[in-house]
Structure formats: structure tokens, C-alpha cells
Amino acid sequence: MKIARFSHHDTIRFGILDGTELVVLAGDPMFAGYETTGERVPLGDAALLAPVIPRSKVVCVGRNYRDHAAELGNEVPKQPMLFFKPNTSVIGPGDAIVRPVQTQDTQWEGELAVVIGRIAKNVKAADALDYVFGYTIANDVTARDLQKPDGQWARAKGFDTFCPLGPAIETDFDYTQGEVITRLNGEERQRAPFTDMIFDIPFLIEYASAAFTLLPGDVLLTGTPAGVGPFQAGDTIEVEIPGLGVLRNTARDALAA
């Protein structure tokens, strides 16, 4: 089942994607279930939004693919490298990625995103998928020229618009059979199966929840494969995961102060 968050007639609502229509839900299905209103909205009349605004945090995993670690000259981590993006970095499909004046090197990182559906603390890997609400697509936008000099990644990863999510949440997805594909202006730049992850999703949930409580609506970004690179204003970045759809965003430069 694909769950979308959308705007229609200046009202934000949730719906189930059914072909070319949205079956309108009575509330946020993560908390209110799947009761419908009986209304259907043509998909073409709705503006899709980020399918979730994380309640407290976006938890990200760095260097979770060996080839990506190698392309940046880094060693493969012996345990997950976790960092955060603020929820103010989240945008939806079709929204502009804004290149801030502080950086000259913004780069894409196509990723699978896991949406947490239940309060998770000290979860065991064997039970971890019971805490997953669904899956969506993410672009972990990075100011590469700020990442290393800063010594930590909060600013380089956390600018407003640096976490595109969407287009919808798929509640029934077998990530072990999936892959991520990223295109810049239609040209493929990344492609890798999720089986190439160093640390799989159940282990990541166990590891993260041992450190901090994951809340419903929190998002876990699972890392990016090799093929990252810079983009400029006017470029369009597409991240595709078959079964989840395509997340498409175009970049622009920030307005001068």
C-alpha cells in the first residue's frame, strides 16, 4: 500500500494511491489507521508533499556501502557511523533543492529511507522490522566542501532543503530485492542493490535504538552507494527505487542576501 501526503484546495491530507487517484484518509494513518472518508482526489489535482515530516529526527548512516567509502578515500567503518539531519531539511517531490551561499560543492546521495512506525528503544534486530511503518526514497544532499573542514557533518548535511523525501511511503516493500538508481539530468550516476549495504536495516535499527529512542515518524536513511557527485543550479536529480517510485527535485541557488 502506498501512502501519500498531499495538498488539495489548500488543505494537507493523507491518501492511499490507487492508480490515478488518491483515496482520502480520515487522518494520519500512522496514528489514526486507514479509515477513509469516501472521497477520491485525482492525482493530477493534488500536490504531493514529503510523505512524512519526522517527529523528532532524521537518523542517517554514513559510508554504509564499501564502494562509496572507497570513492571518497575513506576506510570501511567497523560499526555504523550515525549522524542527524534536522526535520527542517525535509522537502517533498518537486520542491527545489536550494544551494546555499556557504558552499560551492553540493552533491547528491540517493538512498532508501525507512519510516519508523512505533516507539523503538533497545530493539533487537530480529524484531526490528516490526517497528517499520514503511519505506520511501531520500536524497541525502551534502555540501561536500564543508563536510571535512567542519570536522562533523551537521552543517554540511543539515541545510534547509537538504533532505528530499518521497514520493510516497510503501508499507509493503522487500528491500532485500531492491536497488537504488540516481540520475542527473536523465543520465544515470548511481545504481546498486541494497544487498551491498555493509550493515542491513534490522541491524541499523538495533544499533540506533540502543543509543536513542526512535519515535513514530522518525526517518532512517540507510546510506548511499558509489557515484555521488556535484550538481548546479538548474540541474534535476532523480532518485528511483523500483517499487517505490521516483523522487525528482531541481536545484536552484539561494537568493543573495
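To keep things clear, this report deals only with the structure shown in the data block. (Residues numbered from 1 in each chain as written. Predicted model: local features only at pLDDT ≥ 70, side-chain atom pairs only at ≥ 80, totals over all residues. Heavy atoms only, no water.)

### Overview of the pattern of salt bridges
With the rule as written, the count across this model stands at 16 salt bridges. Residues Asp 150 and Arg 155 are paired through a salt bridge, measuring 3.0 Å at the closest nitrogen-oxygen approach. Judged by relative accessible area, which is 37%, Arg 155 ranks as partly exposed. In this structure, Arg 191 engages Glu 179 in a salt bridge whose closest nitrogen and oxygen atoms are separated by 3.0 Å. On the criterion of sequence distance, the pair formed by Arg 191 in strand β16 (residues 187-193) and Glu 179 in strand β15 (residues 179-184) is long-range, its members being twelve residues apart. The class of Arg 191 is partly exposed, set by a relative accessible area of 44%. (Salt bridge = Lys/Arg side-chain N within 4 Å of Asp/Glu carboxyl O. Buried < 20%, exposed > 50% of the residue type's maximum accessible area, 1.4 Å probe, protein only. Helix = DSSP H or I, 4+ residues; strand = E, 2+ residues; numbered from the N terminus.)

### A closer look at the environment of Gln 177
With respect to the helices and strands, Gln 177 occurs in the loop between β14 (163-170) and β15. We classify Gln 177 as exposed; its relative accessible area is 66%. Measuring from C-alpha to C-alpha, the distance between Gln 177 and Lys 78 comes to 25 Å, with 99 residues separating the pair along the chain.

### Re the packing of aromatic side chains
The tally for this structure, following the rule as stated, stands at seven aromatic pairs. Their ring planes at 55° and their centres at 5.6 Å tell us that Tyr 135 and Phe 173 sit as a pair that is tilted. Here Phe 173 lies in the loop between β14 and β15 and Tyr 135 lies in strand β12 (residues 132-139), a separation of 38 residues in the sequence. Each member of the pair, Tyr 135 as well as Phe 173, carries the same accessibility label: buried. Among the aromatic residues, ring-to-ring pairing joins Tyr 135, Phe 173 and Tyr 175 into one connected group. In this structure, Arg 118 is placed above the aromatic ring of Tyr 131, and the distance from its NZ or CZ to the ring centre is 4.1 Å. (Phe/Tyr/Trp six-rings, centres within 6.5 Å; stacked < 30°, edge-to-face > 60°. Lys NZ or Arg CZ within 6 Å of the ring centre and 35° of its normal.)

### What to know about helix α5 (residues 201-211)
Every buried residue of α5 is accounted for by Ile 201, Pro 202, Leu 204, Ile 205, Ala 208 and Ser 209. All buried residues of α5 lie within an arc of 160° about the axis, which places them on one face of the element. Those residues of α5 that are buried lie in contact with β6 (58-62), β7 (81-85), β11 (110-116), β12 and β17 (219-221). Capping of α5 at its N-terminal end is provided by Asp 200; its side-chain oxygen lies 3.0 Å from the backbone amide nitrogen of Phe 203. (Arc of directions from axis to C-beta. Contact = heavy atoms within 4.5 Å. Polar contact = N/O pair within 3.5 Å; in protein donor to acceptor, adjacent residues only side chain to side chain.)

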